[in-house]
Amino acid sequence: MSQASENHDATPYLQQAIQLAIRNVEDGGGPFGALVVTLDGSIHEGVNRVTRDNDPTAHAEVVAIRTAASSTATFDLSGAVLYTSCEPCPLCLSAALWARIDRVYFAADRHGAAAAGFDDALFYDYFAGTRPELMPVAHEAVPTSDAPFEAWRANAQRTEY
């Protein structure tokens with residue numbers, strides 16, 4: 001049976017992600033843990049390292065994805081499953097999509113995270129288009145804006161992704 005099967009029992013992996021999160025809190029990190037299980041059954045762990053590394057993108061899911069990609073020597077994690085102690089935020093969901101993760105399972109939801117002080121609701125509002133003032137983004141027309149894409153298309157040695 002495939003890991004991504006509808007009948008898959010995610011509980012053991014979720015419990016492992018939760019234990020990673022608890023240990024990370026004990027080590028002074030954030031309360032998040034994640035695992036990427038690749039098709040060969042290998043488990044790649046990640047914990048929240050935002051404050052430890054002064055890296056706002058070092059969420060547990062992103063760290064687990066980076067670990068899996070590095071260990072497998074590929075950016076394409078098709079067939080892999082992401083297990084995380086908490087519902088992934090928009091950053092982590094985007095990372096999972098870019099990595100081509102097949103499925104995501106999570107334990108706690110965003111409401112539990114918000115109750116602990118990790119409220120992503122504003123980000124969801126922003127992406128829904130209801131809070132554009134949070135971070136204005138503007139297009140500025142530049143004559144050479146397509147030059148990088150032209151260079152990409154002309155590069156016969158490129159690696160598609």
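Refer to the preceding data block for the structure.
Residues numbered from 1 in each chain as written. Predicted model: local features only at pLDDT ≥ 70, side-chain atom pairs only at ≥ 80, totals over all residues. Heavy atoms only, no water.

**Considering the pairing of strand β1 (residues 33–37)**
Stage number 1. With five of five residues buried, β1 lies mostly within the body of the structure.
Stage number 2. Here β1 shows two buried faces, one formed by Gly33, Leu35 and Val37 and the other by Ala34 and Val36.
Stage number 3. In the sheet, β1 pairs with strand β2 (residues 43–47) via five bridges, with the strands oriented antiparallel. Its bridge partner lying in β2, Val37 is registered against Ile43.
Stage number 4. Linking two consecutive strands that pair antiparallel, namely β1 and β2, is a turn of five residues; a positive phi of about 90° is found at Gly41 within it. (Buried < 20%, exposed > 50% of the residue type's maximum accessible area, 1.4 Å probe, protein only. Helix = DSSP H or I, 4+ residues; strand = E, 2+ residues; numbered from the N terminus. Pairing = 2+ DSSP bridges.)

**Topic: a nonpolar patch on the surface**
Stage number 1. On the surface, a nonpolar cluster with roughly 610 Å² of combined accessible area is contributed by Leu122, Phe123, Phe127, Leu134, Met135 and Val137.
Stage number 2. Along the chain, the position of Leu134 falls in the loop between α6 (121–128) and α7 (147–154). (Patch = residues over 30% accessible without salt bridge, like charges linked within 9 Å, V, L, I, M, F, W, Y side chains within 5 Å. Areas by Shrake-Rupley, 256 points an atom, 1.4 Å probe, with all protein chains shown as cover. Salt bridge = Lys/Arg side-chain N within 4 Å of Asp/Glu carboxyl O.)

**Structural notes on the state of the cysteines**
Stage number 1. All told, the structure shown has zero disulfides when counted by the stated rule.
Stage number 2. Distance from the sulfur of Cys89, which forms no disulfide, to the nearest cysteine sulfur (Cys92) is 3.7 Å.
Stage number 3. For Cys89, a relative accessible area of 9% puts it in the buried group.
Stage number 4. With relative accessibility at 1%, the residue Cys92 sits in the buried group. (Disulfide = S-S within 2.5 Å.)

**Some details on the pairing of strand β3 (residues 81–86)**
Stage number 1. Counting buried positions over the six residues of β3 gives six, a clear majority of the element.
Stage number 2. For β1 and β3, the ladder comprises four bridges, and the chain directions are antiparallel. Looking at β3, one finds that Val36 is bridged to Leu82.
Stage number 3. Taken together, β3, helix α4 (residues 90–99) and strand β4 (residues 103–108) form a β-α-β motif whose crossover is right-handed. (Right-handed = clockwise from strand over helix to strand, strands pointing away.)

**What about α4?**
Stage number 1. Considered for burial, the residues of α4 that qualify are Pro90, Cys92, Ala95, Ala96 and Ala99.
Stage number 2. Phi for Arg100, located one or two positions after α4, is positive at around 65°.

**Section: the nonpolar core**
Stage number 1. If you look at the biggest cluster of nonpolar residues, it comprises 19 residues, and the most contacted ones within it are Val36, Ile65, Leu77, Leu82 and Ile101.
Stage number 2. Residue assignment for this core shows that the elements contributing at least two residues are β1, α3 (60–72), β3 and α4.
Stage number 3. For Val36, the residues in contact, after removing those within four places along its chain, are Ser42, Ile43, His44, Ala64, Ile65, Ala68, Leu77, Ala80, Val81, Leu82 and Ile101. (Core = buried A, V, L, I, M, F, W, Y, C linked by side-chain atoms within 4.5 Å. Contact = heavy atoms within 4.5 Å.)

**Considering the sheet that holds β1**
Stage number 1. Read from one edge of the open sheet, four strands run β2-β1-β3-β4, paired in mixed fashion. Either end of the sheet is taken by a strand with one partner, and the two such strands are β2 and β4. Going across the sheet, the axis of each strand differs from the next one's by a mean of 15°, ignoring polarity. (Axes fitted to C-alpha atoms, helices over the stretch in contact; angles between N-to-C directions.)

**Things to note about unusual backbone geometry**
Stage number 1. With phi around 50°, Asn54 is a residue other than glycine that occupies positive phi space.
Stage number 2. Locating Asn54 in the fold gives a position in the loop between α2 (50–53) and α3.
Stage number 3. Despite not being glycine, Arg100 has its phi angle at roughly 65°, a positive value.
Stage number 4. Tracing the sequence through the fold places Arg100 in the loop between α4 and β4.
Stage number 5. For Arg100, a relative accessible area of 30% gives the class partly exposed.

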